[in-house]
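# Reading the structure
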Amino acid sequence: WRDFKRWVPGILISGVAVFVLLNIASWDDLVKAFSLLKPVNVLAGILLTIASLLTRAVAWRILLQKKVSIAQAFLGINIGYLLNNVFPLRAGEIGRAIYIGRLSGLGSFQVLSTIVIERAFDVALSAGILLATLPLVLELDWAKPVALTSFVLVLVGLSLLYLLARNTQTVKKWMEAIGSRSEFIKRTILPKLDSIISGFSIMNNLKQFALSVFWIILTWAMWLLLYYVMMKPLAPEVQFWWAAFTDGLIAMGIALPVDGRWINCPSFGKQTTS
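Residues numbered from 1 in each chain as written. Predicted model: local features only at pLDDT ≥ 70, side-chain atom pairs only at ≥ 80, totals over all residues. Heavy atoms only, no water.

## Quick look at a nonpolar patch on the surface
Short version of the rule: Note that patches include only residues with greater than 30% relative accessible area and no salt bridge, and the join distances are 9 Å for like charges and 5 Å for nonpolar side chains (Val, Leu, Ile, Met, Phe, Trp, Tyr). Using a 1.4 Å probe, the Shrake-Rupley method yields the accessible areas, and only the shown protein chains count as cover for residues. Whenever Lys or Arg places a side-chain nitrogen within 4 Å of a carboxyl oxygen from Asp or Glu, that contact is recorded as a salt bridge. Only protein chains enter the accessibility calculation, which uses a 1.4 Å probe. A residue is then buried if its area is under 20% of the maximum for its type, exposed if over 50%, and partly exposed in between.
On the surface, a nonpolar cluster with roughly 530 Å² of combined accessible area is contributed by Leu-148, Val-152, Val-156, Leu-160, Tyr-162 and Leu-163. Residue Val-156 is classed as partly exposed on the basis of its relative accessible area of 44%.

## Things to note about the packing of helix α3 (residues 39-63) against helix α6 (residues 108-133)
The geometry of a pair of packed helices is captured by two quantities: the angle between their axes and the separation between those axes. To keep things clear, this is the line we draw: Only the stretch in contact is used when fitting a helix axis, every axis being a line fitted to C-alpha atoms; angles between N-to-C directions are given from 0 to 180 degrees. Helix and strand assignments come from DSSP, with helices taken as H or I runs of at least 4 residues and strands as E runs of at least 2, each series counted from the N terminus. Each angle is binned into one of four classes, with values under 35 degrees roughly parallel, values over 145 roughly antiparallel, values of 65 to 115 roughly perpendicular, and all other values oblique. For any helix crossing, the convention is left-handed if the near helix is rotated counterclockwise from the far helix by under a right angle, and right-handed if that rotation is clockwise. It only takes one pair of heavy atoms within 4.5 Å for two residues to be counted as in contact. Under the scheme applied, nonpolar residues are Ala, Val, Leu, Ile, Met, Phe, Trp, Tyr, Cys and Pro; charged residues are Asp, Glu, Lys and Arg; polar residues are all the others, including Gly.
Orientation of α3 relative to α6, taken along the N-to-C sense of each, is 130°, at an axis distance of 9 Å. Judged on the interaxial angle alone, α6 and α3 are oblique. The interaxial crossing formed by α3 with α6 has right-handed handedness. On α6, the residues that touch Arg-56, Trp-60 and Leu-63 of α3 are Val-111, Thr-114, Ile-115, Ile-117, Glu-118, Arg-119 and Asp-122. Classifying every residue of the contact of α3 with α6 by side-chain character gives five nonpolar, one polar and four charged.

## Regarding unusual backbone geometry
Of note, the phi angle at Gln-65 is positive, near 60°, even though the residue is not glycine. Tracing the chain through its elements places Gln-65 in the loop between α3 and α4 (70-86). Taking relative accessible area as the criterion, Gln-65 reaches 33% and is therefore assigned partly exposed. Positive phi is not limited to glycine here, since Lys-66 has a value of about 60°. Position of Lys-66 relative to the elements: it lies in the loop between α3 and α4.

The following block contains the structure:
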């Protein structure tokens, strides 16, 4: 019962969100949209989804220094995405860190460090895609500084993580010095410090790190193609940049606390909300 109570807030929030969604959704439009879908597009969407999960699993396995199998990484990612869709506050990232940490023996904190790197690249790529497609979208000036700021912050963050990975002994000395003055750090962070730093050590191996980035970029290419394939039956005039813009905006909205303002997008021929 004590364990279950931890999940109650997330279940309640998700329940309220589903209730609101069911009441504001236009069911006629939804039925019409489904009626426009073609079996070939649905099949292509399913195959692209599975393929993107596999490429992401390969990327994550490399970040984990190949200490798990592709099948284990694939299962862990699916568990994480499922939890993210059900519970708030990106609970799936914690869930898959715990699952893979126990399964592989690496520990949750070391696995979580690799997820931080993975998600940092997701934010960087979504911001880059958004910045690239914004000139094609009208009346969306507010999104440019958000995307640009996110892109710069991610680059700064990755640079700091690289310096951390390159100077582990110095970082340990700093943390130990701070821990001598803080009981909280001494009790909670220092025992896990080696695991956390080990998760970032992949950044010292330029070849393996670049290979993981390649697979992450390939995953994004499949996601963009997936959006395009699924949008095509609904809007035959769709252009590929529509899919890129939509995917980039949604990814930024997930990663950042973007508000629910209306975006007037005449190029799409309609209004969409973030």
